[in-house]
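Structural description and commentary
Each chain is listed here by its residues.
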Amino acid sequence: MPHHPARAESCPRPVPPPGSRGIDEILAEARSRLRRLDPEQAHLAYREGALLVDIRPAAQRAAHGMVPGALAIERNVLEWRFDPRCAARLPQAVGYDVPVVVLCQEGYTSSLAAAALQDIGLHRATDVVGGFAAWRIAGLPTLGPTPPPRSPSVAPPVTAGRAHH
């Protein structure tokens with residue numbers, strides 16, 4: 001693992017409270033429950049009817065692009081949108097057998113999110129190994145990224161450099 005410049009070598013780490021788990025352990029446990037899909041398998045599952053759910057924040061989707069047809073459901077509301085018991089659920093959250101494939105930028109947060117959906121009872125929930133970055137590298141369909149809005153400070157007006165009479 002690369003050295004983190006802000007971490008001083010002489011600084012002792014705090015003692016974790018009894019029963020707590022580190023993020024590496026939590027991630028490994030989540031992934032042990034998933035049948036994770038590589039981008040090609042995820043694309044095939046989507047084409048066969050699975051819901052492809054992009055949990056990245058809007059700014060990340062704008063900066064990196066999106067998968068056409070994916071549902072953009074940010075991570076902070078995911079469980080409420082897919083729990084069939086919840087009044088705030090999506091129309092697609094029709095039951096516990098819905099195949100949901102979760103996509104994040106690099107395939108870490110999506111593992112935790114897919115495991116959370118399994119906790120709700122969506123036993124077919126899984127995620128994409130490598131996330132959107134791997135999807136794009138695999139050459140699968142994407143839209144964007146959205147270019148930044150043009151403003152006079154970024155792009156000079158068309159008349160720049162012309163003499164005005």
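These remarks concern the structure in this document. (Residues numbered from 1 in each chain as written. Predicted model: local features only at pLDDT ≥ 70, side-chain atom pairs only at ≥ 80, totals over all residues. Heavy atoms only, no water.)

Observations regarding the pattern of salt bridges
Taken as a whole, this structure holds eight salt bridges when the rule is applied. We note a salt bridge from aspartate 119 to arginine 33, for which the minimum N-O separation is 2.7 Å. Of the two residues, aspartate 119 sits in helix α5 (residues 109-120) while arginine 33 sits in the loop between α1 (23-32) and α2 (39-47), which places them 86 residues apart along the sequence. The partner of aspartate 83 in a salt bridge is arginine 85, and the shortest N-O contact between them spans 3.1 Å. One salt-bridge network, held together by shared partners, links Glu29, Arg33 and Asp119. (Salt bridge = Lys/Arg side-chain N within 4 Å of Asp/Glu carboxyl O. Helix = DSSP H or I, 4+ residues; strand = E, 2+ residues; numbered from the N terminus.)

Let's talk about the nonpolar core
Judged by nonpolar contacts, the single largest core of 19 residues is most densely connected at Val53, Leu78, Phe82, Val100 and Leu117. At the level of secondary structure, the elements contributing two or more residues to this core comprise β1 (51-54), α4 (78-82), β3 (100-103) and α5. With four residues, α5 is the largest single contributor of residues to this core. Those residues in contact with leucine 78, other than ones at most four positions away along the chain, are Val53, Ile55, Ile73, Ala113 and Leu117. Core analysis: the second largest hydrophobic core is formed by 13 residues, Leu52, Val67, Trp135 and Leu140 among them. (Core = buried A, V, L, I, M, F, W, Y, C linked by side-chain atoms within 4.5 Å. Buried < 20%, exposed > 50% of the residue type's maximum accessible area, 1.4 Å probe, protein only. Contact = heavy atoms within 4.5 Å.)

A word on the packing of α1 against α5
With their axes 9 Å apart at the nearest point, α1 and α5 run at an angle of 55° to one another. Between α1 and α5, the angle falls in the class oblique. Between α1 and α5 lies a crossing whose hand is left-handed. Across from Ile23, Ile26, Leu27, Ala30 and Arg31 in α1, the residues of α5 making contact are Ser111, Leu112 and Ala115. (Axes fitted to C-alpha atoms, helices over the stretch in contact; angles between N-to-C directions. Parallel < 35°, antiparallel > 145°, perpendicular 65-115°, else oblique. Left-handed = near helix turned anticlockwise from the far one by under 90°.)

What to know about the sheet that holds β1
Pairing within the open sheet is parallel, and its four strands lie in the order β2-β1-β3-β4. Only two strands of the sheet have a single partner each, and these edge strands are β2 (71-72) and β4 (126-127). Relative to β4, β3 runs parallel, the two sharing two bridges. Residue pairing across strands places valine 101 opposite threonine 126, the latter belonging to β4. Sheet strands in contact with α5 are β3 and β4, and its direction is about 150° off that of β3. (Pairing = 2+ DSSP bridges.)

Remarks on the pairing of β1
Successive side chains on a regular strand alternate, one facing one side of the sheet and the next facing the other. Residues Leu51 and Val53 point to one face of β1 and Leu52 and Asp54 to the other, with burial holding for every one of them. As judged from the four bridges shared by β1 and β3, these two strands associate in the parallel manner. For valine 53, the partnering residue across the bridge sits in β3 and is valine 102. With two bridges joining them, β1 and β2 adopt parallel strand pairing. Directly across from aspartate 54, in β2, lies its bridge partner alanine 72. In this fold, β1 hands off to helix α3 (residues 58-64), which returns the chain to β2; that crossover is right-handed. (Right-handed = clockwise from strand over helix to strand, strands pointing away.)

Interpretation in functional terms is not warranted from these geometric data alone.
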